[in-house]
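Structure assessment
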Amino acid sequence: MPTRTTTLDITGMSCANCSTTVQETLSDLDGVTAADANFATDEGSVEYDPDAVSLREIYDAVESAGYGAVSETATVAISDMSCANCAETTAEALLETPGVLDADVNYATDEAQVTYNPADVSLGTLYDAIEDAGYSPVREDGDDDESGDAREAARDAEIRKQRRLTLFGALLSAPMLFFLADRFLLGGVLVPETVFGVELGWVEFLLATPVQAILGWPFYRNSYNAIVRNRRANMDVLIALGSSTAYLYSVAVLSGLIAGDVYFDTAALILVFITLGNYLEARSKGQAGDALRKLLEMEAETATLVSEDGTESEVPLEDVAVGDRMKVRPGEKIPTDGVVVEGDSAVDESMVTGESVPVEKSAGDEVVGSTINENGVLVVEATNVGADTALQQIVQTVKEAQSRQPEIQNLADRISAYFVPAVIANAVFWGVVWFAFPEILAGVVEWLPLWGQVAGGPAVVGGTISVFEFAVVVFASAVLIACPCALGLATPAATMVGTTIGAQNGVLFRGGDILERARDVDTVVFDKTGTLTEGEMELTDVVPVAQFRADGGQVLNAEQDPQADLLHLAASAERGSEHPLARAIVEGAEDRGVAVSEPSDFENVPGQGIRATVDGTEVLVGNRKLLREAGVDPDPAAETMEQLEREGKTAMLVARDGELAGVVADADTVKESAKRAVSALTERGLDVMMLTGDNERTARAVAERVGIDPENVRAEVLPEDKSDAVEAIQNDGSKAMMVGDGVNDAPAL
């Protein structure tokens, strides 16, 4: 094979000695005939024999010398693949393309992940390589939104095409299914020998021929590409061979060329059922991509940039650069990761941390892109943009997870390359043997218990069909019964359906290999927020202090309800706030039928609470610090506060006109099904643990309520540390499974 020359963009070189080191390292590789590295241009040139050394080995050699070589990774959506052999063929075509380091093609996701040298190869070249292998890449222009639209459009088009083909084939095959039922179940009493003077065989021919031509065409085309272009057989070859054998044999019988029966129904129905399977598979693949699209939808679309002179301009998210300052108003998403430079607010970070209560932010605090600013105005300086943001890193993690195949599928991919030729050879062998020695084989079959011969066997042993016809039936049966084979189709289909059903039920499997290993799990690790709990705050307690009097000092009469009066004060004061804790108090008051007034002089006190005027009196709702700075002693409610906080609730003090009025508390309520789920897992002998970004006290309180041992709780764990925490549990000898529902759980999953 002729040598290839590749150009490398080398990183990390700081002097001429570095370039010499790179050059010597590359020259020492077997298969490299010439190597050159230029420190001035940060480039290298390598001439090599691809049969002796791969481009990946060249890159690894540069890295082993302490430097780097620029590469890019692209995900290419592919249509028209019908089995694992197609994926392997496509991967080989990509790997043979000069400039490609790695290529992993996953039939289950209809995608290829390709790592390549951008100096040698472009996306267009990769698309051409896939087309030359006989498949159809979804060509994209590099814009993320348009790329996603192109993939979704291609996926939807494939689903619609398979649905149309299935309905067309089913419409024409339904009469033949009725003919079969009448013949084998009713003894042929309903269907006459002729229909409008036309023999039933010709009626079946007229019904089966369009099915064979239209539904069979994709299989014929793919078979041609597999055998002629790629020199290998795939599942389409089995389908085309089996259905064509039944169809052509039936045509020969109908034409009087040979004696026997017709099998138009077999030829048509096998195509209909396999096309139906393709439709269901295409639909399940489309549903499986929803999780990734939902992640991307969380991202803000625009950002409001603030210039040095204070002018504001709204720009697309992709135009934001590191160092830009962005204004984020209440209710808006923070566009990118950054640091607060001005303002105070509470930020809902539940997407990332799982913490159901918004986190107070002020100057100097870090914020995460796509989290939601709750109440104040913030000015944020961008620190990570584009692919470097936390959300994009999570998206990339999920993308990589979807390309991971279970080990049994990897085994299936390897076996299926030899399976199809073996099936065809097996079918030919038994067809010939039955034709040559029908009496001997018929005797063997008769000797076997519970076995019988189709149509009673060939005529020479008392059957109803000729020896040749019986041999054809044996050949066609051996081919058709193996297509689509369980190894090549059922494994990826089961993986996709299994992960999709899991996602629909709130469980995100990181990849097919995890699904396969789930049977060995002995420890289940739960996220808290949104998994064991509802993920939304709810008013749980209203506790007035003993000396609280709703009328401001006079003795309460029997008709007055101190709880309702306290809740009226707290809810009315909080009505001006958008904080989730405040909304829970207001909604709780309305649900209890307590009147809520419109406050005046509302003031948000960052990190402490709120101050407002309700019905002419000053009301404070917040933490101990808020009351102490206002000269109100919170100690009379200390025992109540501690009890509520031990229960994992967020307790807030309420004061009116300088006097302590009581305590209100919100909590993220536990799901009704959580305790049952934990109990069921425990009964099966599994260890159950909790891993959460929430605080220790809240986490332990929730654990006790659902039946998890508090010693099995890991609290205040950040998203980037969750995967390390799971790994630590596994390193202790446990086979752990992570169960979560939020974006913050994706890396650990």
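See the structure printed just above.
Residues numbered from 1 in each chain as written. Predicted model: local features only at pLDDT ≥ 70, side-chain atom pairs only at ≥ 80, totals over all residues. Heavy atoms only, no water.

Comments concerning helix H2 (residues 55–64)
Where H2 is concerned, the buried positions are Leu-55, Ile-58, Tyr-59, Ala-61 and Val-62. The buried residues of H2 occupy one face: seen down the axis, they fall within an arc of 155 degrees. Taken together, the buried residues of H2 touch strand E1 (4–11), helix H1 (16–27), strand E3 (43–48), strand E4 (68–69) and strand E6 (100–106). Gly-66 sits one or two residues past H2 and shows a positive phi near 100 degrees. (Buried < 20%, exposed > 50% of the residue type's maximum accessible area, 1.4 Å probe, protein only. Helix = DSSP H or I, 4+ residues; strand = E, 2+ residues; numbered from the N terminus. Arc of directions from axis to C-beta. Contact = heavy atoms within 4.5 Å.)

Quick notes on the pairing of E3
Burial of E3 is one-sided: the residues Gly-44, Val-46 and Tyr-48 facing one way are buried, the residues Glu-43, Ser-45 and Glu-47 facing the other way are not. Where E1 lies against E3, six bridges are found, and the strand directions are antiparallel. Directly across from Leu-8, in E3, lies its bridge partner Gly-44. Of the strand pairs in this sheet, strand E2 (residues 32–38) and E3 are connected by six bridges, and their pairing is antiparallel. Bridging from a neighbouring strand, Ala-37 pairs with Gly-44 of E3. Here E2 hands over to E3 after four residues, with Asp-42 in that stretch at a positive phi of 55 degrees. (Pairing = 2+ DSSP bridges.)

Describing the environment of Thr-109
Relative to the helices and strands, Thr-109 is located in the loop between E6 and strand E7 (111–116). Along the chain, Thr-109 and Ala-282 lie 173 residues apart, while their C-alpha atoms are 9.5 Å from each other.

A short note on the environment of Lys-625
Here Lys-625 shows up in helix H20 (residues 624–629). For the pair Lys-625 and Gln-608, spaced 17 residues apart in sequence, the C-alpha to C-alpha distance is 6.5 Å.

Observations concerning the nonpolar core
The biggest cluster of nonpolar side chains holds 35 residues, and the ones touching the most others in it are Ile-78, Met-81, Leu-94, Val-105, Leu-126, Tyr-135 and Leu-238. Counting only elements with at least two residues in this core, the list comes to strand E5 (72–79), helix H3 (84–95), E6, E7, helix H4 (123–132), helix H8 (235–254), helix H13 (407–436) and helix H15 (467–480). Setting aside residues up to four positions removed in sequence, Val-105 forms contacts with Ile-78, Met-81, Ala-87, Thr-90, Ala-91, Leu-94, Glu-111 and Ala-112. Leu-165, Ala-208, Val-262 and Val-472 belong to the second-largest nonpolar core, a separate cluster that totals 28 residues. (Core = buried A, V, L, I, M, F, W, Y, C linked by side-chain atoms within 4.5 Å.)

Topic: H8
Over its 20 residues, H8 extends 29 Å from the first C-alpha to the last, a length consistent with the 28 Å expected when each residue adds 1.5 Å. Most of H8 sits inside the fold, with 17 of its 20 residues counted as buried. Trailing H8 by a residue or two, Gly-256 shows a phi angle of about 85 degrees, which is positive. (Expected span 1.5 Å × (residues − 1).)

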